[in-house]
Amino acid sequence: MPKLRGEAFWRETLRSAHYVVAPMVDQSELAWRLLSRRHGAQLCYTPMLHAQVFLRDANYRRENLYGEACPEDRPLIVQFCANDPEVFVQAALLAQDYCDAIDLNLGCPQMIAKRGHYGAFLQEEWDLLQRMILLANEKLSVPITCKIRIFPDIDKTVKYAQMLEKAGCQLLTVHGRTKEQKGPLAGVASWEHIQAVRKAVNIPVFANGNIQCLSDVQECIRKTGVHGVMSAEGNLHNPALFEGRNPLVWEMAEEYLEIVRKYPCPLSYVRAHLFKLWHHTLQVYQQLREELAKVKTLDGIVDVNRELKLRCQEEIANQKEGEKPKEGLPFFHWICQPYIRPGPKERCRENGESGMEKGARGKRALEEEEDGNSELLSKNKQKKKLRNPNKSFDPSLKPKYAKCDQCGNPKGTKCVFNMCRGCCKKRAFKEVADCPGHGLLFKTKYEKSLSWQHSQRGIQTPEISQRGDAEVGETAVLKEAGDSTG
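Values in this document were obtained by computation on a predicted structure and should not be read as measured data.

**Student:** Whenever I open this one, the overall build of the protein confuses me. Can you help?
**Tutor:** Counting secondary structure elements, the protein contains 22 helices and 11 strands. Looking at the protein as a whole, 45% of its 486 residues qualify as buried. Long-range pairs, those at least 24 residues apart, make up 62% of the contacts in the protein between residues at least 6 apart in sequence. Per element, the accessible surface of the protein, about 26,400 Å² overall, is 50% carbon and sulfur.

**Student:** Would you mind showing me how to read the packing of helix α9 (residues 191–200) against helix α10 (residues 214–224) here?
**Tutor:** Axis angle and axis distance: for two packed helices, these are the angle between their axes and the distance between the axes, and together they describe the pair. Following both chains from N to C, one finds α9 and α10 inclined at 50°, their axes separated by 9 Å at the closest point. Between α9 and α10, the angle falls in the class oblique. Crossing geometry of α9 relative to α10 is assigned as right-handed. Of the residues in α10, those in contact with W191, I194, Q195 and R198 of α9 are D216, E219, C220, K223 and T224. Grouping the amino acids of the contact of α9 with α10 by side-chain chemistry returns 3 nonpolar, 2 polar and 4 charged.

**Student:** So what exactly am I meant to see when it comes to the packing of aromatic side chains here?
**Tutor:** Aromatic ring pairs are described here by two measures, namely the spacing of the ring centres and the angle between the planes. The full count for this structure, using the stated rule, is 10 aromatic pairs. Here F54 and Y66 contribute two aromatic rings whose centre-to-centre distance is 6.1 Å and whose plane-to-plane angle is 85°, an arrangement assigned as edge-to-face. Of the two residues, F54 sits in helix α3 (residues 51–56) while Y66 sits in the loop between α4 (58–64) and β4 (76–81), which places them 12 residues apart along the sequence. Take F54: its relative accessible area is 0%, and that puts it in the buried class. Here Y66 falls in the partly exposed class, since its relative accessible area comes to 24%. Through pairs of rings, three or more aromatic residues link up here, namely F54, Y60, Y66, F80 and Y98.

Conventions and cut-offs
- Residues numbered from 1 in each chain as written.
- Predicted model: local features only at pLDDT ≥ 70, side-chain atom pairs only at ≥ 80, totals over all residues.
- Heavy atoms only, no water.
- Helix = DSSP H or I, 4+ residues; strand = E, 2+ residues; numbered from the N terminus.
- Buried < 20%, exposed > 50% of the residue type's maximum accessible area, 1.4 Å probe, protein only.
- Contact = heavy atoms within 4.5 Å.
- Areas by Shrake-Rupley, 256 points an atom, 1.4 Å probe, with all protein chains shown as cover.
- Axes fitted to C-alpha atoms, helices over the stretch in contact; angles between N-to-C directions.
- Parallel < 35°, antiparallel > 145°, perpendicular 65-115°, else oblique.
- Left-handed = near helix turned anticlockwise from the far one by under 90°.
- Nonpolar A, V, L, I, M, F, W, Y, C, P; charged D, E, K, R; others polar.
- Phe/Tyr/Trp six-rings, centres within 6.5 Å; stacked < 30°, edge-to-face > 60°.

Printed below as a string of structure tokens:
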């Protein structure tokens, strides 16, 4: 059967999907996808998978895609991050029988994507992207799609989308934010950019950004003309978003936990979902927030969820007539509703910090003192401090290492060449030398090899002179040549 393309692919394979659940790392796992599909989602993506890891690690494949077959979980698009055409295609070939399309992630703006050189940090490398998509389009039996972020300039964004379409992309998801717009600086997504892309290409387009409720979905489709709308944050806080409902939080949480019992996933995923669902309630019941963070089993999470439900039901029973939601929320905190991410100024006020007192404080900014005051440590370092109370994060107390003569990395303390292991290995190999400090025994093994060869021929093992190692190699080679001709 020929591979469907463009509009035909969207209409027949994806069943004209309008409501789409975004690929979310550690969050769009099978259990969550099934919950979302039960409540209006028509198409789901897997979490972003690393092509290189997927290719080499059978356990990674099994845990993320090859698990229990689930007919309910279709149509499904598998998303990969990659920066090498061959690796991307080989990983996609292993996944194509388990999905309806393969998506290339060109939208991840996080620091890990910058370090790994993938996601939105490939958006200037058009030649590489063309090669990746051309090869995938040629080799795969399913269509190739892309998820991108915009450039500040609309014209450049349009040319970018047209380049991807020409290379073979069959469906394009456009997140209407630049790669710099993330976290507290996310701001509002530009539907104007999305509309321009939709008008300029002949393949289906999904919009992503500013979606908190069903009316946003309808407004986005009306203004941009896109084929479908993708939701990430909105879906995590209200899985019934595409139904146009705002259910009680514990109803969604209990249904999700039942699905998790049938289709297990790491406990960290479950905990993260409940933190999102109960976000507003956990601001009220801080003690239960701490319990949810510490619990070690699924049954423990179920118990915390039950306690949160009881607290909310007590609050409802004691509610006064005409009472309105607090903290400016559109609904009471026990109802699924959007979470509006505060900007830098609002976040500063929430933390009780003025710009003069602490300055602009980023998501992972660290302000530490030599005494290791836990109030000034990041959450990650506070956890390390709990595990090891004697741990210090004072940079001046870090051990100083002697540097490798070759590259500047820390050298081995017992290295005969005063080098790191990598440089030592290259030199020892080149000079047929030993370095006991790094466990490198090239010379010893070479001598043993020669001894064994000569013993096989009944020839006395020659003594290897203590001349320079380079001469040792030349002498051995010449002697071997003489033996073979004699």
